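Each chain is listed here by its residues.
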Amino acid sequence: MNKNTVEIDFHPELELLRNRTETLRSLPAFDEKLNETGLHPLTPTGLDILQVNVGYMCNMTCKHCHVDAGPHRKEIMPRKTLQHCLDAYDMGGFKTVDITGGAPEMNPDFRWFVDELHQRGAHVIVRSNLTILVTNPKYRELPAFFAERGVEVTCSLPFYNRVTTDRQRGEGTYDRSVEALKLLNDLGYGKDGSGLELNLVYNPAGAFLPLPQQELEADFKRQLRDKHGVSFNNLFTITNLPISRYLDYLLRSDNLNDYMVTLVNAYNPVAAEKVMCRNTISVGWDGRMFDCDFNQMLLMPVEAGDSNATYIQNFDTETLMKRRIRTGQHCFGCTAGAGSSCGGSLA
Amino acid sequence: MSNSYYDKSHLAKFGNITELQEKLGTKFFDYYNAVFEGGELSAREKALIALAVAHTVQCPYCIDAYTETSVKHGISEPEMMEAVHVACAIRGGASLVHGVQMMEQAKKLTM
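Residues numbered from 1 in each chain as written. Chains lettered and ligands numbered in written order. Predicted model: local features only at pLDDT ≥ 70, side-chain atom pairs only at ≥ 80, totals over all residues. Heavy atoms only, no water.

Bringing the overall build of chain A into the picture now. Helix and strand content of chain A: 16 helices and eight strands. Here the C-alpha coordinates of chain A stretch approximately 50 × 40 × 35 Å along the principal axes. Burial statistics for chain A: of 347 residues in total, 58% are counted as buried. Looking at chain A alone, contacts between residues at least 24 apart form 74% of all its contacts between residues at least 6 apart. Each charge sign in chain A was given a centre, from 36 positive and 43 negative side chains, and these centres are 3 Å apart. (Helix = DSSP H or I, 4+ residues; strand = E, 2+ residues; numbered from the N terminus. Buried < 20%, exposed > 50% of the residue type's maximum accessible area, 1.4 Å probe, protein only. Contact = heavy atoms within 4.5 Å. Lys, Arg positive; Asp, Glu negative; His and termini not counted. Charge placed at Lys NZ, Arg CZ, Asp CG, Glu CD.)

A few words now on the packing of helix α2 (residues 43-57) of chain B against helix α4 (residues 77-109) of chain B. All names here are of chain B. For the pair α2 and α4, the least separation of the axes is 8 Å and the interaxial angle reads 50°. In terms of orientation, α2 and α4 fall into the oblique class. In terms of crossing hand, the pair formed by α2 and α4 is right-handed. Of α4, the residues touching α2 (which contributes R44, L48, L51, A52, H55, T56 and V57) are E79, M80, A83, V84, A87 and R91. Of the residues in the contact of α2 with α4, the class split is eight nonpolar, two polar and three charged. (Axes fitted to C-alpha atoms, helices over the stretch in contact; angles between N-to-C directions. Parallel < 35°, antiparallel > 145°, perpendicular 65-115°, else oblique. Left-handed = near helix turned anticlockwise from the far one by under 90°. Nonpolar A, V, L, I, M, F, W, Y, C, P; charged D, E, K, R; others polar.)

In this section: the nonpolar core. Counting 106 residues, the largest nonpolar core has I99, F113, F146 and F220 of chain A as the members making the most contacts within it. Contacts of F113 of chain A, omitting those with residues within four sequence positions, involve V52, L82, C85, L86, V97 and I99 of chain A. Counting residues in hydrophobic clusters, the runner-up holds 10 residues, among them A50, Y66, A83 and A87 of chain B. (Core = buried A, V, L, I, M, F, W, Y, C linked by side-chain atoms within 4.5 Å.)

All names here are of chain A. Taken in spatial order, the eight strands line up as β6-β5-β4-β3-β2-β1-β7-β8 in an open sheet, and their pairing is mixed. If you trace the sheet from one side to the other, it starts and ends with β6 (234-237) and β8 (289-290), each paired once. Inspection of the sheet shows strand β5 (residues 198-202) paired to β6 by four bridges, in the parallel sense. In the strand pairing of β6, V201 is matched with F236. Against the sheet, helix α5 (residues 110-119) makes contact with β1 (49-53), β2 (96-100) and β3 (123-128), and its axis sits at roughly 170° relative to β2, the strand it touches most. (Pairing = 2+ DSSP bridges.)

For the rest of this paragraph, the subject is the interface of chain B and chain A. With nine residues of chain B at the contact, the number on the chain A side is 12 residues. The junction of chain B with chain A conceals about 820 Å² of combined surface from both sides, 53% of it contributed by carbon and sulfur atoms. Between chain B and chain A we count two salt bridges in total. Salt-bridge contacts for D258 of chain A lead to K8 of chain B; the nearest nitrogen and oxygen are separated by 2.9 Å. Put simply, chain B and chain A have three residue pairs in polar contact (both at pLDDT 80 or more) between them. (Buried area = accessible area lost by both parts, 1.4 Å probe. Salt bridge = Lys/Arg side-chain N within 4 Å of Asp/Glu carboxyl O. Polar contact = N/O pair within 3.5 Å; in protein donor to acceptor, adjacent residues only side chain to side chain.)

All names here are of chain A. Take H330: it is sitting in the loop between α15 (317-321) and α16 (332-335). Under the relative-accessibility criterion, H330 is labelled buried at 1%. When the C-alpha atoms of H330 and N240 are compared, they prove to be 9.7 Å apart, with 90 residues separating the residues in sequence. Every residue in contact with H330, bar those within four places of it in the chain, is listed here: L14, L17, L241, P242, I243, F294, N295, L298 and M300.

To continue, consider the packing of aromatic side chains. Centre-to-centre distance and the angle between the planes together describe a pair of aromatic rings. As enumerated under the stated definition, the model contains 20 aromatic pairs over all chains in all. Ring centres 5.6 Å apart and planes at 70° place the aromatic pair Y6 of chain B and Y61 of chain B in the edge-to-face group. A residue pair is termed long-range when its members are at least 10 positions apart, and Y6 of chain B in the segment before α1 (22-35) and Y61 of chain B in helix α3 (residues 60-72) qualify at 55 residues. Here a set of aromatic residues connected by ring pairs shows up, and it is made of F14, F28, F29, Y32, F36 and Y66 of chain B. Stacked on the ring of W112 of chain A, the Lys or Arg R79 of chain A has its end atom at 4.3 Å from the ring centre. Positioned above the aromatic ring of F145 of chain A, the side-chain terminus of R111 of chain A is 5.8 Å from the ring centre. (Phe/Tyr/Trp six-rings, centres within 6.5 Å; stacked < 30°, edge-to-face > 60°. Lys NZ or Arg CZ within 6 Å of the ring centre and 35° of its normal.)

Right, let's get into the pattern of salt bridges. Where charged atoms from two side chains of opposite charge come close, those side chains can pair. All names here are of chain A. Per the counting criterion, the structure on display carries 24 salt bridges over all chains. Across the salt bridge formed by R149 and D115, the nearest N and O atoms sit 2.5 Å from each other. With R149 in the loop between α7 (142-148) and β4 (152-156) and D115 in helix α5, this residue pair connects regions lying 34 residues apart in the sequence. Because the salt bridges share partners, they merge into one network encompassing D68, R73, E75 and R245.

This is the structure we're talking about:
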């Protein structure tokens, strides 16, 4: 195990989700549900997406953020670790590199990393909070930088109106997001035939599940076009997982029991079969590998033998393909209803 | 068994009514689901109608359910309250319009 890192078997939040109340204790374990539907133990189907969390620093402090990202976070992936990610990509196999954060743009080596991936012909996704792109001149150049390299831009926009968006993400977010979307549209992003893909991510601004993705996408497209002349390719609906800042919100608003009951009752085996952890490796800022970004926040690294094997510099396809995916009650968030992943609904 | 007449957990068990009279229950839910599919009215419009009716029939399950549906559709709280006032106006108006009957009957009965 590397120094300065902590590995714990059972994160306090996982314990809380299992045992905090009588209602929570009465719920079936996620593994039991998997077992009932013939999916236990959950195992990988491939290694298609390398999701790299390049740091938890962000210009925003959104109420729902599972990363607990914000200006106060100092965890930033160093260039050496980014290079290890490139080495893992070079070993072949991954189709997509999905760069996330925090605001990934705030990593000082962000442009270098994107350039390196571009030179390798990788399909690159950048998860942007939109507002960073209009924050100051340094970041205003980024839409053009993305366009020149054919980067897929996937942006957060919780709703197509100001009130809901600003309530979740802070005052002024909606207007700045629309400004950034217009910048991206002007470069061809989200326009038919441009080859520049612009996707939006919706997540509920409260303790409820998303509406059906297709229905919401149609509403978003119509509203953003009519109100602002903005267009985009796809809307991804993502369910909020009960961890980190969103868990705090559920506790403070006395919604945790009801929310967990909703997630468990909505368990969908079709979604469970397609969960993203089965074809993704998530890498944390310190180089540790996880089954997903949520497990990263819960400090549950991949189950890959000794702890050295959990670091990206020791990436080994065979070991990772043989692993069992680590689960907990939070996983009900990805299997509820139509399912949820970084690419939207699953079923 | 709950000690109060309304139990929040019953909403999630609504589907259990098909355990008795399965055919009728299934027909009801098929109909119910078809009503809320997109049609001439949008799902958003239907959510607001359902919210107003929920207040008229004073069903706590329906109020919880259609408040949530309304929130999911991005319907603001002032919009929701306006829908409740529509329900109230119709309900109150329905009482008051009978006042005409009272007035006419009273007129007929008196000199």
